[in-house]
Amino acid sequence: MLKISYDFDQAILPAGSSLKTNILLRFRADIAESPRRNLNLSLVIDRSGSMAGGPLHHALKAAESVVDQLEPQDILSVVVYDDAVDTVIPPQSVSNKAALKNSIQKVRAGGITNLSGGWLQGCEHVKTQLDPQKINRVLLLTDGHANMGIQDPKILTTTSAKKAEEGVTTTTLGFAQGFNEDLLIGMARAANGNFYFIQSIDEATEVFSIELDSLRAVVGQNLKVTLELADGVSLVDTLSLAKVSHEGGKTAIALGELYEGEDKLLGLSLEISSAQVGELPLMKLHYTADVVQNDVIQNVSGTADVVVKVGTVEEAALASSSHIILELSRLTIAKAKETALNLAEHGRHEEAEQILRALVKELRDKGLNENFEIAEEIDQLEYFAGRIAQKALGNAGRKELRDQSYQTMTRNRTDLAGRGVTTGDEVYAMPVVNEVGSGVELHCLREGGKLRIKVMSDGYDSSKNVQFPRAIRAEGARYVVEGLELSSDNTFYRVRGNITRLTRPGEADNFVAHRQSRSTNTGKASKGPASAADLPTTDNTKDGILVQCVKDGSKLRARVVSDGYEPDWNMRFPRSVREEGMLYVVDEIKTAPDGKSYIACGEIKRFVQPTMTN
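A brief look at the structure comes next. (Residues numbered from 1 in each chain as written. Predicted model: local features only at pLDDT ≥ 70, side-chain atom pairs only at ≥ 80, totals over all residues. Heavy atoms only, no water.)

## What about the overall build of the protein chain?
Okay, so step 1: Counting its secondary structure elements, the protein chain contains 11 helices and 28 strands.
Okay, so step 2: Relative to its length of 614 residues, the protein chain is compact, with a C-alpha radius of gyration of 27 Å against a globular reference of 25 Å.
Okay, so step 3: The dimensions of the protein chain, computed from C-alpha atoms along their principal axes, are 90 × 65 × 45 Å.
Okay, so step 4: Counting every position in the protein chain, which comprises 614 residues, the buried fraction comes to 52%.
Okay, so step 5: Counting contacts in the protein chain only where the partners sit at least 6 residues apart, residues at least 24 apart contribute 72% of the total.
Okay, so step 6: Distance between charge centres in the protein chain, computed from 70 positive and 83 negative side chains, equals 5 Å. (Helix = DSSP H or I, 4+ residues; strand = E, 2+ residues; numbered from the N terminus. Rg over C-alpha atoms; globule rule 2.2 N^0.38 Å. Buried < 20%, exposed > 50% of the residue type's maximum accessible area, 1.4 Å probe, protein only. Contact = heavy atoms within 4.5 Å. Lys, Arg positive; Asp, Glu negative; His and termini not counted. Charge placed at Lys NZ, Arg CZ, Asp CG, Glu CD.)

If you want it as structure tokens, here you go:
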């Protein structure tokens, strides 16, 4: 059965009219011991040109790690896609892990991105093995925009919801900076699946493990809550990310999956027209979910009454709800991030900035900055407010903002909240010192998808985190501050005084200036040697552009397979080095004078897939 509890941000409301309150509802499957549910899983991996090199290497390593974590009772299939869709591993039990991993290791980078084709093939594989007692899931990983097959986000999102109705749920994983986060989040939300932003290529294995942990912990699905509000009570906002609909004058909220040991949170903002001293009924809560009971999935449903205490102004002032305020604050912060991003994207940058800065002030006024998690969120809010004010949020900042909002509003896991490792431009403009002197040395490192600041100097507890401006955090950077002070609860440090960046004599300074992403190009058309065998080789794309040679009728033609280019345009490319299926890295691609074809410019290298080893 389901266990339901709720708390208000104010334990006792003051009597009066036009009252506003926030309520936090918790749902948990009340199961003494939950056996691990078997998985029917399909990994769908983008192997298009933009994944060539390190990204595909780490994605495949992550896929191997999935094989290692599965059991013989689980069903696994693996699909890879570029132009073509290939089933590397057809649906089968995970009995011969060595053979499965060997099949994964043979995958090589290819052409352009047929996301829909790969994903639908994975859905079909899961559907052939569909079992309502198992977790039936497709994990779709991509680093780019769909540029072949079905590309309309609305169609893909609608189809994702339809597949979920048929029993196949989709989790999406966005890799690096090129993917369409709106599409992947939309697909995950429509299917009641999960979404993950993999910012650093070596995070892939860690993020896959988080999703597998989640799948193992699923003890309930299709949680749906219907609110029957009392007279004089209105719903102002939903703080959790859920599908909200209206049915017969009631509000229906679809919350998706329940995880063992993890509360499913639903935050609501309510307005009450008037309240007298005593107990005030606010709503009837109708719920339904498919929950594991006696080792099988059974539908459970019920109704709960939500009542709030109303007292005098003095009673309300003395009532404490500090622990609830922290949890509701996290949801409020996530909602503010989502709202600010939407405003900024409609050109209302000043309004978006004001929302974030006003929330920072409110959090500090409440003393919540004495909690480390909220203190970190304050740094995030200030960082994003500054970027939005400068109209410089950028692609990476947008993805971080959407991911942080999404994770907090859908899951109750600290390892998913506040993730972000993008280096802000501000670090390049910091004053630099060559010695610590009388200051305190700090170091920025990446932990679980977050940039953390640690103390390096003696006399301090190196296990404690440091609250530090997010705008100047950069992985690997070292800093000198005038001093540190402990938070009121002695759990973390705060920076005191000026902050400088530390680079000792003789050390390379990786942040001396904001390095350009590309070297200066010559603009001259590429010339090739006698054959492809005479080309220099490379195993990464770096700042180059990936080109592929394909058969087109009786001809061999070159096409660009990196994202952001038209894959169907012809290209001037040396004929002497063209070999069917070969991948090349070129310095530059220019648009030809006709405006509908390309010219390969600069040096050409032959791309060689990095070797995978166990």
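Right, picking up where we left off after that structure.
## Regarding the sheet that holds strand E4 (residues 39-46)
Okay, so step 1: Taken in spatial order, the 6 strands of this open sheet run E6-E5-E4-E7-E8-E9, and their pairing is mixed. Each edge of the sheet is formed by a strand with only one pairing partner; in this case those strands are strand E6 (85-93) and strand E9 (195-198). Averaged over all adjacent pairs, the angle separating strand axes in this sheet is 15 degrees, with direction ignored.
Okay, so step 2: Where strand E5 (residues 75-81) and E6 come together, 6 bridges link them in antiparallel fashion. From the neighbouring strand, isoleucine 75 faces E6, where its bridge partner is serine 93.
Okay, so step 3: Helix H6 (residues 204-216) rests against E4, strand E7 (135-142), strand E8 (169-175) and E9 of the sheet, and its axis sits at about 160 degrees to E7. (Pairing = 2+ DSSP bridges. Axes fitted to C-alpha atoms, helices over the stretch in contact; angles between N-to-C directions.)

## Comments concerning the side chain of asparagine 369
Okay, so step 1: The topology assignment puts asparagine 369 in the loop between helix H9 (349-365) and helix H10 (372-389).
Okay, so step 2: Discounting chain neighbours no more than four positions away, the residues touching asparagine 369 are Leu363, Arg364, Ala375, Ile378, Phe492 and Arg494.

## Description of unusual backbone geometry
Okay, so step 1: In this model, serine 18 sits at a positive phi of 50 degrees, which is unusual for a non-glycine residue.
Okay, so step 2: Note on serine 18: relative accessible area 54%, which makes it exposed.

## Regarding the environment of isoleucine 31
Okay, so step 1: Note on placement: isoleucine 31 falls in the loop between strand E3 (16-29) and E4.
Okay, so step 2: Sequence separation between isoleucine 31 and lysine 3 is 28 residues; the distance between their C-alpha atoms is 9.5 Å.
Okay, so step 3: If near-sequence neighbours (up to four positions away) are discounted, isoleucine 31 is found in contact with Val219, Val291 and Val292.

## Focus: the sheet that holds strand E10 (residues 218-229)
Okay, so step 1: Strand order in the open sheet formed by 6 strands is E2-E16-E15-E10-E13-E12, with mixed pairing between adjacent strands. In the strand order of this sheet, the two ends are held by strand E2 (12-14) and strand E12 (243-247), each with one partner. Strand-to-strand, the axes of this sheet are offset by a mean angle of 30 degrees, without reference to chain direction.
Okay, so step 2: With 3 bridges connecting them, E2 and strand E16 (residues 296-311) associate as parallel partners. Bridged to proline 14 within E16 is glycine 311.

## A short note on the packing of aromatic side chains
Okay, so step 1: A full pass over the atoms with the stated rule returns 12 aromatic pairs.
Okay, so step 2: Look at phenylalanine 179 and phenylalanine 195: their rings are 6.3 Å apart centre to centre, the planes differ by 55 degrees, and that puts the pair in the tilted class. Residue phenylalanine 179 is found in the loop between E8 and helix H5 (181-191), and its partner phenylalanine 195 is found in strand E9; the two are separated by 16 residues along the sequence. Accessibility assignment for this pair places phenylalanine 179 and phenylalanine 195 in one class, buried.
Okay, so step 3: Centroid distance tyrosine 383 to phenylalanine 384: 5.2 Å. Interplanar angle 55 degrees. Geometry classified as tilted. The pair formed by tyrosine 383 and phenylalanine 384 is uniform in burial state, with each residue classed as buried.
Okay, so step 4: Here the aromatic cluster, defined as three or more aromatic residues joined through ring pairs, consists of Phe179, Phe195, Phe197 and Tyr406.
Okay, so step 5: Taking the ring centre of tyrosine 259 as reference, the NZ or CZ of arginine 411 above it sits at 3.9 Å.
Okay, so step 6: Looking at arginine 470, its charged tip hangs above the ring of tyrosine 383, at a distance of 4.7 Å from the centre. (Phe/Tyr/Trp six-rings, centres within 6.5 Å; stacked < 30°, edge-to-face > 60°. Lys NZ or Arg CZ within 6 Å of the ring centre and 35° of its normal.)

## Let's talk about helix H3 (residues 115-128)
Quick reminder: α-helices carry 3.6 residues per turn. Residues three or four places apart thus point the same way.
Okay, so step 1: With 14 residues, H3 extends 20 Å from end C-alpha to end C-alpha; this agrees with the ideal 20 Å at 1.5 Å per step.
Okay, so step 2: Along H3, the residues that are buried comprise Leu115, Ser116, Gly118, Trp119, Gly122, Cys123, His125 and Val126. (Expected span 1.5 Å × (residues − 1).)

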